[in-house]
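The residues making up each chain are set out below.
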Amino acid sequence: MDIKMIMVFLRNVAANNNREWFQEHRHEYEEARADFEQGVEKAIGRIAEFDPSVAHLTVKDCTYRFYRDTRFSQDKSPYKNHFGAYISARGKKSLHGGYYLHVQPDGCLVACGSYWLPTNILTSCRNEIMGNEEEWLRCVESDEFQRYYGCDLAPCTERESWETRQGFGLERLKTCPAGFPRDYEYVKYLRLKNYCCWHRVSDAFFEGDRWLAKMVPMLQAAKPMQDFINAVIDDYE
């Protein structure tokens, strides 16, 4: 990617988030978006090498509108300040876990997993963890997973989570979820309100094409965890 060009555009949007400015600079948006989408297309190809389930996806299947839905938000800014792509075998609107790329000034990251699962599925995931404890621990306590996503799993807010260098589980319950044993040895994994992990990267990470090779081991490290959770989710979809 021409990440410097993309970041200049995104910083300008953040400073001038209004329709008048955007229409005057629409060509800059189209150039930045096209460059980002080329990167997404390459990412799909590289991910498909170790996860063939995503090979059928197109860029359109994975990317989002740049226009914000402001109907239920106090922030009425019409445009986003980032580009994102969710590469999931069943589509970006599916609960099925996938791979996420986020490009934002001073907020770039590579992520993997499932975000905000419904309560019934979340409960099933927790039951599956307890029922297949050894397999779960091999997924999330491997050296590779801990290298990119390891954290103490203490209760935190969503904002605090994203601001950390790396982590696992956006928002966590302060106590054991209802219906589960409080004295369970690995209760920290039951407190998670979702099963996604992320690794923050510098803005320069996405420059050129070399980031693709760096991205692969990050996502491969998270894939066993994602596969474990997807096996539960897919029973509901």
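Residues numbered from 1 in each chain as written. Predicted model: local features only at pLDDT ≥ 70, side-chain atom pairs only at ≥ 80, totals over all residues. Heavy atoms only, no water.

Visitor: Got a sec to walk through helix H6 (residues 133-140)? Specific residues and values, please.
Guide: Among all positions in H6, only Trp-136, Leu-137, Cys-139 and Val-140 are buried. When H6 is viewed along its axis, its buried side chains cluster within an angular range of 155 degrees and face the same direction. Facing away from the buried side of H6 by more than 90 degrees, the exposed set consists of Glu-134 and Arg-138. Residues of H6 that are buried make contact with helix H5 (119-131), helix H7 (143-149), strand E4 (166-168), helix H9 (187-190), strand E5 (195-200) and helix H10 (210-233). (Buried < 20%, exposed > 50% of the residue type's maximum accessible area, 1.4 Å probe, protein only. Helix = DSSP H or I, 4+ residues; strand = E, 2+ residues; numbered from the N terminus. Arc of directions from axis to C-beta. Contact = heavy atoms within 4.5 Å.)

Visitor: Residue-level account of the sheet that holds E4, with values.
Guide: Pairing within the open sheet is antiparallel, and its five strands lie in the order E1-E2-E3-E5-E4. Unpaired on one side and paired on the other, strand E1 (83-87) and E4 mark the two borders of the sheet. When the angles between neighbouring strand axes are averaged without regard to direction, this sheet yields 10 degrees. Packing against the sheet, helix H3 (residues 26-48) makes contact with E1 and strand E2 (98-103), and its axis sits at approximately 25 degrees to E1. (Pairing = 2+ DSSP bridges. Axes fitted to C-alpha atoms, helices over the stretch in contact; angles between N-to-C directions.)

Visitor: Any chance you could break down the packing of helix H1 (residues 3-15) against H3 for me, citing the residues and the numbers?
Guide: Two elements in contact, H1 and H3, have axes separated by 9 Å at closest approach and are oriented at 135 degrees. With respect to H3, the element H1 is oriented oblique. The element H1 and its partner H3 pack so that their crossing is left-handed. Residues Met-5, Ile-6, Phe-9 and Asn-12 of H1 form the contact with H3, whose own contacting residues are Glu-28, Tyr-29, Glu-31, Ala-32, Asp-35 and Phe-36. Taken together, the residues of the contact of H1 with H3 break down into six nonpolar, one polar and three charged. (Parallel < 35°, antiparallel > 145°, perpendicular 65-115°, else oblique. Left-handed = near helix turned anticlockwise from the far one by under 90°. Nonpolar A, V, L, I, M, F, W, Y, C, P; charged D, E, K, R; others polar.)

Visitor: Could you give me a rundown of the nonpolar core, with the residues and numbers involved?
Guide: If you look at the biggest cluster of nonpolar residues, it comprises 75 residues, and the most contacted ones within it are Trp-136, Phe-168 and Tyr-195. In terms of residues, this core owes the most to one element, H10, which gives 13 residues. With seven residues, the next largest nonpolar core counts Tyr-86, Ala-111, Leu-170 and Trp-198 among its residues. (Core = buried A, V, L, I, M, F, W, Y, C linked by side-chain atoms within 4.5 Å.)

Visitor: Go over the side chain of Asp-203, please, and point to the residues and values.
Guide: By the secondary structure assignment, Asp-203 is in the loop between E5 and H10. Of note is the side chain of Asp-203, whose polar atom sits 3.0 Å from the backbone nitrogen of Asp-106. Excluding residues that lie within four positions of it along the chain, Asp-203 makes contacts with Ile-3, Met-7, Arg-11, Gln-104, Pro-105, Asp-106, Gly-107 and Cys-108. (Polar contact = N/O pair within 3.5 Å; in protein donor to acceptor, adjacent residues only side chain to side chain.)

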